[in-house]
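# Observations on the three-dimensional arrangement
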Amino acid sequence: MMRVSAQVQSEPGEEQNKRAAERRASNTMATVRQLKQPNHAIHIIDISPEGCGFRSRWPIAADTRIWLGLPGLETWAARVVWFEDGKGGLHFERPLHPLVAERFAKVEPGRL
C-alpha cells in the first residue's frame, strides 16, 4: 500500500465557496476591537447571518478574535478568517438574525 500526503492551502477567494450562507452587498461603517486594543473603523462590503467581508487600513491577522461594532447593535464576537491587501473576511461566533443581516445589506451609500 502506498501512502501519499498532501497539504491544501486555500486562497482568500476559495473561502467564499465554503460559506454557509450567501452574502449580500453592504456599504456600512463599523468598528472592530481586539483584546486590550482600541477600536478602529472598518467598511463592511458584504454580509450574511454567518459573517461579513470588510476593508480595513489596519491589518488584522487571520484567526484573531475580534468584537465587531455594527451601528445600533451590541458588539458581536467574530473571528478573522482571512486578511490580504486591505480586505478580509469575518465569521461570526453566533449568527446574526437574518433580518439583522438584511438590514445592513440594505444600507445605501448616503446613509453611512
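Here the structure is a predicted model, which means the values were calculated and not measured.

## Considering the overall build of the chain
When its secondary structure is counted, the chain shows 2 helices and 6 strands. Traced from its N-terminal end to its C-terminal end, the chain shows the element sequence α-β-β-β-β-β-β-α. Within the chain, the proportion of its 112 residues that are buried is 38%. For the chain, the proportion of contacts with a sequence separation of at least 24, taken over those separated by at least 6, is 51%. Total accessible area on the chain stands at roughly 7600 Å², and carbon and sulfur atoms take up 50% of it.

## Considerations on the sheet that holds strand β2 (residues 40-47)
The antiparallel closed barrel is built from 6 strands, whose spatial order is β1-β2-β3-β6-β5-β4. Pairs of neighbouring strands in the sheet enclose a mean axial angle of 45 degrees, with direction left out of account. Both β2 and strand β3 (residues 51-55) contribute to a ladder of 4 bridges, which runs antiparallel. Note on β3: the bridge partner recorded for I44 is F54.

## Re unusual backbone geometry
Phi at K36 takes a positive value of approximately 60 degrees, unusual for a residue other than glycine. Despite not being glycine, D85 shows a phi value in the positive range, around 50 degrees. Relative to the helices and strands, D85 is located in the loop between β5 (76-84) and β6 (87-92). Look at D85 and you get exposed, because its relative accessible area is 74%.

## Notes on the nonpolar core
Among the nonpolar cores identified, the biggest contains 20 residues, and I44, I66, L68 and L90 are the most heavily contacted of them. Excluding anything up to four places from it in sequence, L68 contacts A30, T31, V32, I42, I44, C52, E74, T75, W76, L90 and F92.

## Side note on the confidence of the model for the chain
Per-chain confidence: the chain averages 84 in pLDDT, with 76% of residues scoring 70 or above. Here residues 1-17 is a poorly scored stretch, pLDDT under 50, and it has 6 contacts once near neighbours within four places are set aside; other chains count.

## Describing the pairing of β5
Looking at chain direction, strand β4 (residues 65-69) and β5 are connected through 4 bridges and run antiparallel. Looking across to β5, one finds that L68 is bridged to W76. The antiparallel hairpin formed by β4 and β5 contains 6 residues in its connecting segment, where G72 sits at a positive phi of about 85 degrees. In this sheet, β6 lies alongside β5 in antiparallel orientation, the contact comprising 6 bridges. For E84, the partnering residue across the bridge sits in β6 and is K87. In this structure, the hairpin formed by β5 and β6 is closed by a connection of 2 residues, where D85 is found at a positive phi of approximately 50 degrees.

What counts and what doesn't
- Residues numbered from 1 in each chain as written.
- Predicted model: local features only at pLDDT ≥ 70, side-chain atom pairs only at ≥ 80, totals over all residues.
- Heavy atoms only, no water.
- Helix = DSSP H or I, 4+ residues; strand = E, 2+ residues; numbered from the N terminus.
- Buried < 20%, exposed > 50% of the residue type's maximum accessible area, 1.4 Å probe, protein only.
- Contact = heavy atoms within 4.5 Å.
- Areas by Shrake-Rupley, 256 points an atom, 1.4 Å probe, with all protein chains shown as cover.
- Pairing = 2+ DSSP bridges.
- Axes fitted to C-alpha atoms, helices over the stretch in contact; angles between N-to-C directions.
- Core = buried A, V, L, I, M, F, W, Y, C linked by side-chain atoms within 4.5 Å.
- pLDDT = per-residue confidence, 0-100.

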